[in-house]
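Observations on chain architecture
The chain contents come next:
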Amino acid sequence: MKQTELSRAQSAAILGGAAVMLSLAMGMRQSFGLLQPHVVRDLGITAADFSLALAIQNIVWGVTQPFVGLLVDRIGARPVAVAGVIVYALGLVAMSLAQSALVLTLGAGILIGLALSCTASNLAMNVTARTVPAARRSVAMGAVSAAGSLGLAIASPLAQAMIARGGWQLALVAFLGLAAVMLPAALMAGRADRIERDDAGASEQSIGAALREAAAHGGYVTMALAFFVCGLQLVFLTTHLPNYLDLCGIDPSVTASALALIGLFNVAGSYLFGWLGQRWPKHLLLGGIYLLRSAIIAAYFVAPPSPAGTLVFAAAMGTLWLGVVPLVNGLVVHLFGLKWMATLTGIAFFSHQVGSFLGAWGGGVIYASLGSYEWAWKGAVAIGVVAGLAQMMMNVRPSPRIAGAAGVARA
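Residues numbered from 1 in each chain as written. Predicted model: local features only at pLDDT ≥ 70, side-chain atom pairs only at ≥ 80, totals over all residues. Heavy atoms only, no water.

**Some thoughts on the environment of Val80**
As a reminder of what qualifies: Each helix is a run of H or I in the DSSP string that is no shorter than four residues. Each strand is a run of E no shorter than two, and both are numbered from the N terminus. Here's how the labels work: a residue is buried when its accessible area is under 20% of the maximum for its type, exposed when over 50%, partly exposed in between, all with a 1.4 Å probe on protein chains only. By the convention used here, residues are in contact when the closest approach between their heavy atoms is within 4.5 Å.
By the element assignment, Val80 lies in helix α4 (residues 77–97). For Val80, a relative accessible area of 5% puts it in the buried group. Measuring from C-alpha to C-alpha, the distance between Val80 and Ser117 comes to 9.1 Å, with 37 residues separating the pair along the chain. For Val80, the residues in contact, after removing those within four places along its chain, are Val68, Leu71, Val72, Ile75, Cys118 and Leu123.

Here it is, written out as structure tokens:
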């Protein structure tokens, strides 16, 4: 089946499934920081132990993403997504039964890290690119990312309510209910496997040739390295903002509201950057996001902590949260085409997850060592500025193979 043969209802079902799966996978994962103070107290572990579990989640996600992407490119999205939902549920069960840092790390770190490779943004963007023609691809990616942002607005208030009612284990039981909803969403998104790829100049390209082509492209390398800062900044906040606010004596409900606001404002931000990416240079938009995030983080942590300031901060960061997703994926397609999109975005995402690992674990280590998050946020700001400027200067010329195929098509 070709993209042009899809009915509006068929396209909507596929994109809706991808959005729901992405939404719930990310919403639950980004709400784990709400559990931190309670898990630390109940299990008798340290904040560094909890941070390490989430850091391992991020590094497992990053290490496995290129290989999962290769599976998606070879066998399709549906079997990968369904397996990911099952592993996600197993991770939540392991977390709920944990009595030690080791079991917590198995569930939150290893199992959910692997599950996210199969259910989150990389797979959702691959499904979207397969389903939507090139002329509307960036906007569609932004729309799916936007809809996928609603999960945080659902998961964080749900987690906070369940914690207040029966403890953090009850919150994880509620998350199992959300994981059950992911299964039919994964099956719907997997219908994209039936759609033929429109792969200019790539029908005979091997994975080895694709990897060599990407490694030789300076712009791709720059983008992948700059993606590091995205993971570091966001995971530092989702992991440590709840603990920072708890230390400042701010009511836990403010933390849940802040995470929900991030999710809600991310809806508008993701769609906005997808729309802008169809009209403005994607690399400049990406660099601008990194620079703006750095400025907002600096302004928030310099000012005295307050509930109102936290909510404004959350809204501002939410607007810039997942706007990078349609831009990075759009740049990969622009540079190299669709055939190995999931693999190449997965490799770039590994850099993102190295940053996520350092944001989660490094923030915990700095706090445990110094009793303050000051040097953690200063580091996040500094590397954000460097990455933003480098991103804006990346080479955006398509690979010679793609440029040559486009020239033949025009002729």
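There's plenty left to go through after this.
**Looking at the pattern of salt bridges**
Opposite charge on two side chains makes pairing possible when the charged atoms of those side chains draw close. Under the convention used in this document: Whenever Lys or Arg places a side-chain nitrogen within 4 Å of a carboxyl oxygen from Asp or Glu, that contact is recorded as a salt bridge.
Considering all chains together, one arrives at two salt bridges under this definition. Across the pair Arg401 and Glu213 runs a salt bridge, and its minimum N-O distance is 2.8 Å. With Arg401 in helix α18 (residues 400–410) and Glu213 in helix α10 (residues 207–215), this pair connects stretches of sequence that are 188 residues apart. On the accessibility criterion, Glu213 (17% relative accessible area) is buried. A salt bridge links Glu374 to Lys378, with the nearest nitrogen and oxygen atoms 2.7 Å apart. Highlighted residues: Glu374 and Lys378, both in helix α17 (residues 374–392), separated by four residues, approximately one helical turn.

**Structural notes on the nonpolar core**
What counts, and what does not: As used in this record, nonpolar core signifies buried Ala, Val, Leu, Ile, Met, Phe, Trp, Tyr and Cys residues forming a set joined through side-chain atoms within 4.5 Å.
Counting 130 residues, the largest nonpolar core has Leu35 and Tyr290 as the members making the most contacts within it. Looking at this core, the element that brings in the most residues is helix α11 (residues 218–247), giving 14 residues. Filtering out sequence-adjacent residues up to four positions away, Tyr290 remains in contact with Ala226, Phe227, Val229, Cys230, Gln233, Val324, Gly384, Ala387, Gly388 and Gln391.

**Overview of the packing of aromatic side chains**
Remark: the centre distance and the inter-plane angle together describe each pair of aromatic rings, the angle taken between the planes. Applied cut-off: The aromatic pairing rule takes the rings of Phe, Tyr and Trp, using the six-membered ring of Trp, and pairs them if the centres are within 6.5 Å, calling planes under 30 degrees apart stacked, those over 60 edge-to-face and the rest tilted. We count a charge as sitting over a ring when the NZ of a lysine or the CZ of an arginine lies within 6 Å of the ring centre and within 35 degrees of the ring normal.
Across all of its chains, the model carries 15 aromatic pairs by this definition. Taking the centre distance of 5.1 Å and the plane angle of 80° together, the rings of Tyr300 and Phe301 count as edge-to-face. Each of the two residues, Tyr300 as well as Phe301, counts as buried. Ring centres of Tyr367 and Tyr373 lie 4.9 Å apart, and the angle between their planes is 15°; on these two criteria the pair is classed as stacked. Residue class for Tyr373 comes out buried when judged on its relative accessible area of 5%. Members of the aromatic cluster, connected to one another through ring pairs, are Phe236, Tyr244, Tyr300, Phe301, Phe313, Tyr367, Tyr373 and Trp377. One cation-aromatic arrangement involves Lys378 over Trp375; the distance from NZ or CZ to the ring centre is 4.8 Å.

Take it as geometry only, folks, not as evidence of what the structure does.
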